[in-house]
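Structural overview for review
Letter by letter, the chains look like this.
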Amino acid sequence: MSDDPKTLIRIARDNGAEDHPEPVNLGERVRDLRKARSWTLEQAAQQAGLARSTLSKIENGQMSPTYDALKKLATGLQISVPQLFTPPQREKVNGRMAMTASGQGQRHATTTYEHELLAENLTKKQMLPYRARVRARSFEEFDGWVRHDGEEFLYVLTGVIRLYTEFYEPIEMRRGDSAYYDSTMGHNVVSVSDEDANILWVTSLS
């Protein structure tokens with residue numbers, strides 16, 4: 001397995017990753033918004049200050065509304081103009097939680113790190129949390145810089161590490177120290193304590 005955590009990120013994204021939304025059909029969107037408010041065509045037209053026939057044509061795709069008509073529609077529906085072209089939010093799941101017992105995360109070993117994925121069974125995550133035992137002892141053990149999309153938060157749990165980044169001088173970090181950085185910037189971590197250091201990483205997936 002590559003030392004690059006892009007493999008872990010791909011696993012997390014593939015596990016319930018959101019598909020790109022389809023383009024919004026304006027007529028259907030307006031109709032759905034009207035029905036969600038239990039309004040008749042007459043009521044919605046009155047709220048928007050439009051003729052009933054105009055609103056009917058918009059809903060049936062028989063007419064492309066002017067920007068002025070779009071503004072009136074949005075005002076009448078009490079939303080913004082961009083929301084007319086935005087897919088409705090999927091039903092939100094409140095109170096989601098995943099607990100991972102110590103040492104029970106899914107493990108992925110590499111030559112430089114031993115990763116333990118946390119909250120692995122929680123789908124559609126926006127963040128990828130994982131513990132890592134840092135095996136690497138020198139920068140030369142890496143095949144160049146590690147880079148991937150997103151941002152990353154690093155927290156030292158035990159031991160001492162040296163954080164190498166592409167645009168900054170190396171930083172020595174001890175237990176309780178943390179760093180937040182753009183992960184498209186090259187970065188690598190090595191242990192400099194007698195024992196392998198353990199760190200917590202949280203990587204953005206969006």
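So, here is what we can say about the structure in this document. Please read all numbers here as calculations on a predicted model, not as lab measurements.

Points about the packing of aromatic side chains
By the definition in use, this model includes five aromatic pairs. A centroid spacing of 5.0 Å and a plane angle of 70° characterise the contact between F139 and W145, whose relative ring orientation is edge-to-face. According to the relative accessible area criterion, W145 is partly exposed, its value standing at 28%. Three or more aromatic residues joined by ring pairs make a cluster, and in this case those are Y113, Y130, F142 and W201.

Observations concerning unusual backbone geometry
Its identity as a non-glycine residue notwithstanding, S38 has a phi of 60°, on the positive side. Locating S38 in the fold gives a position in the loop between α2 (26-36) and α3 (41-48).

Let's talk about the nonpolar core
Core analysis: the biggest nonpolar cluster contains 23 residues, and L154, I161, V189, I199 and W201 have the highest contact counts within it. Within the residue set of this core, elements represented by two or more residues are β2 (113-117), β3 (127-134), β4 (151-158), β5 (160-165), β7 (178-182), β8 (187-191) and β9 (197-204). If you tally residues by element for this core, the top one is β3, at four residues. Core analysis: the next-biggest nonpolar cluster, separate from the first, contains 18 residues, V30, A48, L55 and V81 among them.

Regarding the environment of Q106
Turning to its location among the elements, Q106 is positioned in strand β1 (residues 106-109). When its relative accessible area of 33% is taken as the criterion, Q106 is described as partly exposed. When neighbours within four sequence positions are excluded, Q106 is seen to be in contact with H115, E116, L117 and E120. A distance of 3.5 Å separates a polar atom in the side chain of Q106 from a polar atom in the side chain of H108.

Looking at the pattern of salt bridges
Here the structure, examined in full by the defined rule, presents 13 salt bridges. Residue R135 is joined to E114 by a salt bridge in which the shortest nitrogen-to-oxygen separation is 3.0 Å. Here the residue R135 occupies a position in the loop between β3 and β4, and E114 occupies one in strand β2, the gap between them amounting to 21 residues.

Quick word on the environment of A74
Among the secondary structure elements, A74 is positioned in helix α5 (residues 67-77). Once the C-alpha coordinates of A74 and Q47 are considered, the two residues, 27 residues apart in sequence, prove to be 9.9 Å apart.

What about the pairing of β3?
As judged from the five bridges shared by β2 and β3, these two strands associate in the antiparallel manner. Along β3, the bridge assignment pairs H115 with A132. The pairing of β3 with β9 spans eight bridges and is antiparallel. The residue of β9 that forms the bridge with Y130 is W201.

How each quantity is defined
- Residues numbered from 1 in each chain as written.
- Predicted model: local features only at pLDDT ≥ 70, side-chain atom pairs only at ≥ 80, totals over all residues.
- Heavy atoms only, no water.
- Phe/Tyr/Trp six-rings, centres within 6.5 Å; stacked < 30°, edge-to-face > 60°.
- Buried < 20%, exposed > 50% of the residue type's maximum accessible area, 1.4 Å probe, protein only.
- Helix = DSSP H or I, 4+ residues; strand = E, 2+ residues; numbered from the N terminus.
- Core = buried A, V, L, I, M, F, W, Y, C linked by side-chain atoms within 4.5 Å.
- Contact = heavy atoms within 4.5 Å.
- Polar contact = N/O pair within 3.5 Å; in protein donor to acceptor, adjacent residues only side chain to side chain.
- Salt bridge = Lys/Arg side-chain N within 4 Å of Asp/Glu carboxyl O.
- Pairing = 2+ DSSP bridges.

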